[in-house]
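Summary of structural features
Residues per chain are reported as follows:
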Amino acid sequence: MTDDTRVPKAEIAGLYGAVLKKATKKMLGEVPEPLGVMWHNRPVLRASMTLGRKANKWNKCDRNLKSYAHMAVASLVGCAFCLDLGYFQTRNEGLDEAKAREVPRWRESDVFTPLERDVLEYAEAMSQTPPTVTDELSARLLKQLGAPAMIELTSWIAMANQATRTNAALGIEAQGFAAACGLPPLAQRSGATSRA
């Protein structure tokens, strides 16, 4: 974690601030750095949190697949905070930690199934500018997941792009959530150095 975000953290105050700090400490053990940065514009913060809460209730696509997709976006974009938090959340949600650890180097890793590889490829293809999603990849995923899960996965990846790009642009770094609960370090993305 760093104190050098591009927008300085604001003091989280008031009743709403106290409730948020208590809730996030209960969930994560500490207040996440983005909360202090986003506190400068509470309507944006509330909208983001509301969307996140609602999206966490979606249940047409496997949670492991969505977790890998979000982490693939974070790895590609370079959001150390999202990678750290995503890896930490795999433990809290009972997801596959060993596979989550390998997401940054998914192409070289042999732990992923063909479906998981397609999801990871789709997440990266959606995250390119311009997107590089192919008809063939979309057809494979649609056949394997079905339309409801495909729509959910696509929306999940789009939201992951919003979160990762926001945090990266604001200079928000990893906070050590995964290390604090004893998870081994994330695998390194090929040709890149980890900021997590």
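To start, this report covers the structure provided alongside it. Just so it is clear, the structure is predicted and the values come from calculations on it, not from any experiment.

What counts, and where the lines are drawn
- Residues numbered from 1 in each chain as written.
- Predicted model: local features only at pLDDT ≥ 70, side-chain atom pairs only at ≥ 80, totals over all residues.
- Heavy atoms only, no water.
- Helix = DSSP H or I, 4+ residues; strand = E, 2+ residues; numbered from the N terminus.
- Expected span 1.5 Å × (residues − 1).
- Buried < 20%, exposed > 50% of the residue type's maximum accessible area, 1.4 Å probe, protein only.
- Contact = heavy atoms within 4.5 Å.
- Axes fitted to C-alpha atoms, helices over the stretch in contact; angles between N-to-C directions.
- Parallel < 35°, antiparallel > 145°, perpendicular 65-115°, else oblique.
- Left-handed = near helix turned anticlockwise from the far one by under 90°.
- Core = buried A, V, L, I, M, F, W, Y, C linked by side-chain atoms within 4.5 Å.
- Salt bridge = Lys/Arg side-chain N within 4 Å of Asp/Glu carboxyl O.
- Phe/Tyr/Trp six-rings, centres within 6.5 Å; stacked < 30°, edge-to-face > 60°.
- Lys NZ or Arg CZ within 6 Å of the ring centre and 35° of its normal.

Comments concerning helix α7 (residues 114-127)
Compared with the 20 Å implied by 1.5 Å per residue over 14 residues, the 20 Å span of α7 between its first and last C-alpha is a close match. Of all 14 residues in α7, 10 are buried; the element is thus mostly enclosed. When α7 is considered as a whole, its buried residues turn out to be Glu116, Asp118, Val119, Leu120, Tyr122, Ala123, Glu124, Ala125, Met126 and Ser127. Buried residues along α7 sit in contact with α4 (63-77), α6 (97-102), α8 (135-145) and α9 (147-169).

Considering unusual backbone geometry
Cis geometry marks the peptide bond from Thr129 to Pro130, where omega comes out at -5°. The topology assignment puts Pro130 in the loop between α7 and α8.

A word on the packing of α4 against α7
For the pair α4 and α7, the least separation of the axes is 9 Å and the interaxial angle reads 40°. Here α4 lies oblique to α7, going by the angle between them. As for how α4 packs across α7, the hand of that crossing is right-handed. Counting all contacts with α4, which are made through Leu65, Tyr68, Ala69, Ala72, Val73 and Leu76, the residues of α7 involved are Leu115, Glu116, Val119, Leu120, Ala123, Glu124 and Ser127.

A look at the nonpolar core
If you look at the biggest cluster of nonpolar residues, it comprises 46 residues, and the most contacted ones within it are Tyr122, Leu153 and Ile157. At the level of secondary structure, the elements contributing two or more residues to this core comprise α1 (14-28), α2 (33-38), α4, α5 (80-92), α7, α8, α9 and α10 (177-180). Those residues in contact with Ile157 that lie beyond four places of it in its chain are Ala69, Val73, Tyr122, Ala123, Met126 and Ser127.

Describing the pattern of salt bridges
Here the idea is simple: oppositely charged side chains can pair when their charged atoms come close. Considering all chains together, one arrives at 11 salt bridges under this definition. For the salt bridge of Arg91 with Glu97, the shortest nitrogen-to-oxygen distance reads 3.1 Å. With a closest N to O distance of 3.0 Å, Arg140 and Asp118 form a salt bridge. Here Arg140, found in helix α8, pairs with Asp118, found in helix α7; they are 22 residues apart in sequence, far enough to count as distant. Overlapping salt bridges bring together Arg101, Glu102 and Arg105 as one network.

Here we look at the packing of aromatic side chains
In the structure shown here, the tally under the stated rule is 5 aromatic pairs. Ring geometry for Tyr68 and Phe112: centres 5.7 Å apart, planes at 75°, overall edge-to-face. Here Tyr68, found in helix α4, pairs with Phe112, found in the loop between α6 and α7; they are 44 residues apart in sequence, far enough to count as distant. Side by side, Tyr68 and Phe112 carry an identical accessibility label, which is buried. Among the aromatic residues, those joined into a ring-pair cluster are Phe81, Phe88 and Phe177. The ring of Tyr16 has Arg46 sitting right over it, with the charged end atom 4.7 Å from the ring centre. One residue, Lys66, lies across the ring of Trp156, its end atom 4.6 Å from the ring centre.

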